[in-house]
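Residues per chain are reported as follows:
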Amino acid sequence: MTVRAVEVPLLWMPYALRINPHLPALHQESESWARAMGMLDGHRGPSARPAIWTRATFHAMTVDQLTAWTLPDASLADLRLNHRFNIWALAWDDYFASAFKQTGDLAGARAFTTRLHAFLRPERGPRPPEPANAVERGIADLQQQLFPPRLAHWRTEFNRALARYIDAGVEELANSRSGRIPHLIDYAPFRRESFAAYTAPYSVELATGARIPEQIRHSRTVRALLDAFMDFMGLANDIASYEREVHEEKDVNNLVLVVGTSLGISLRDAVPAALHLVNARLRDFEHLRRSELPPLVRRSGLDRDERAELETWLEGACAFLSGLHAWYTGAPRYAPGDGPFPGA
């Protein structure tokens, strides 16, 4: 029995989908950076390894739509930058799955990850090694673009998030090799790392130009809101990608398996339970945004401009979640030929 054979409740999404008006321009140039980095068939580079994607596979992922749906208010320049990061994250994911997860090569995965760390420098310093493959070439290029002056404060935190992301891939592979399905209590915090969710606040800030005010940034309420924001991303992705991850890649790091194993229930029961958990995290985000954040704002004495900036950031975060939901629902990466996954 697969997920698609099970009747499931709908994944809740209260925020309307908005589309960035620069999507046509992004679509026209969608493959240029991926091709320049050697991610597409036809690239001639020093690596003997085949390209990560064919042109058809790349365009079927509709990464341009993902970017335009999640960042509806971004300028074209900021949209391009986040689009390249989205391409790189998917390139890492598919390269890692093909080179290491499918082969079970844990030692190779660790060596690959160790080299990638050399490209994630919180400060400018010694030159990183010469890129040896498309993933390294992509992150080396992005490191020159991701931190313009208005986002320079993100350099350390963003690269720390990327380090967590690539390290989590090794841990996922170790789990799969040993057959160890993570426990539900441990899984949600780990999924924030393995989905690169800690980079999402950067994307919202990039698109909106707004930051969470410093006076409340480290409060319990804001930390809880950000955790719920990030949890929805990765846990909803697990529902959408169950078929590919579990049945095709033989991965054990998936919320449906985690819920079924941790609670000792069947797949038929685990699917709706996992979906209800994802819905609950989005309800937590909405409750914190509407009910707990306003009193905190009043107590913290934020001025009118700071309140407006916070509201702009929150609107951007809601748009980001809505765009992810739309992409999970419609992209061929998550909706293969037998039709879209109900509620994904």
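In every chain, residue numbers begin from 1 and rise along the written sequence. Per-residue local features of the predicted model are confined to residues with pLDDT of at least 70, and side-chain atom pairs are confined, for both listing and counting, to 80 or more; whole-chain, interface and lining totals are unaffected and use all residues. Side-chain figures throughout are based on the complete set of non-hydrogen atoms in the structure, without hydrogens or water.

Draft legend 1. Layout of the side chain of Thr70. The helix and strand labels rest on DSSP assignments: H or I over at least four residues marks a helix, E over at least two residues marks a strand, and numbering proceeds from the N terminus. Of note, Thr70 is situated in helix α4 (residues 63-70). A simple rule labels every residue: compare its accessible area, found with a 1.4 Å probe on the protein chains alone, to the largest value its type can have, and call it buried under 20%, exposed over 50%, or partly exposed in between. With relative accessibility at 2%, the residue Thr70 sits in the buried group. Any pair of nitrogen or oxygen atoms within 3.5 Å is treated as a polar contact; in protein, a donor-acceptor pairing is required on top of that, and neighbouring residues in sequence qualify only through side-chain atoms on both sides. Within the local environment of Thr70, its side chain forms a polar contact with the backbone oxygen of Leu66, the two atoms lying 2.8 Å apart. Of note is the side chain of Thr70, whose polar atom sits 3.3 Å from the backbone oxygen of Thr67. We call two residues in contact when some of their heavy atoms are within 4.5 Å. Thr70 has contacts with Gly316, Ala319, Phe320, Gly323 and Leu324, leaving out every residue within four places of it along the chain.

Draft legend 2. Molecular detail of the packing of aromatic side chains. Any pair of Phe, Tyr and Trp rings, taking the six-membered ring for Trp, is counted once the centres come within 6.5 Å. Such a pair is stacked with planes under 30 degrees apart, edge-to-face with planes over 60 apart, and tilted for the rest. Counting across every chain of the model gives 20 aromatic pairs. With a centroid separation of 5.2 Å and 65° between ring planes, the pair formed by Phe85 and Phe158 is classed as edge-to-face. Separated by 73 residues along the polypeptide, Phe85 in helix α5 (residues 76-101) and Phe158 in helix α8 (residues 155-178) bring together distant segments of the chain. Here Phe85 falls in the buried class, since its relative accessible area comes to 3%. In this structure Phe158 comes out as buried when scored by relative accessible area, which is 0%. A network of ring pairs unites the aromatic residues Phe85, Trp88, Trp92, Tyr95, Phe96, Phe100, Phe112, Phe147, Trp154, Phe158, Tyr165 and Tyr202 as a single cluster.

Draft legend 3. Representation of the confidence of the model for the protein in the model. A score between 0 and 100, pLDDT records how confident the predictor is in each residue. Residue-level pLDDT values for the protein average 90, and 91% of them are 70 or greater. Across residues 336-344 the pLDDT falls below 50, and counting only partners more than four positions away or on other chains, this stretch makes 20 contacts in the model.

Draft legend 4. Expanded view of helix α10 (residues 200-208). For α10, a buried count of 8 out of 9 residues is recorded, marking the element as mostly surrounded by other parts of the structure. For α10, every residue scored as buried is listed here: Ala200, Pro201, Tyr202, Ser203, Val204, Glu205, Leu206 and Ala207. Buried residues belonging to α10 abut α5, α8, α12 (220-240) and α16 (304-330).

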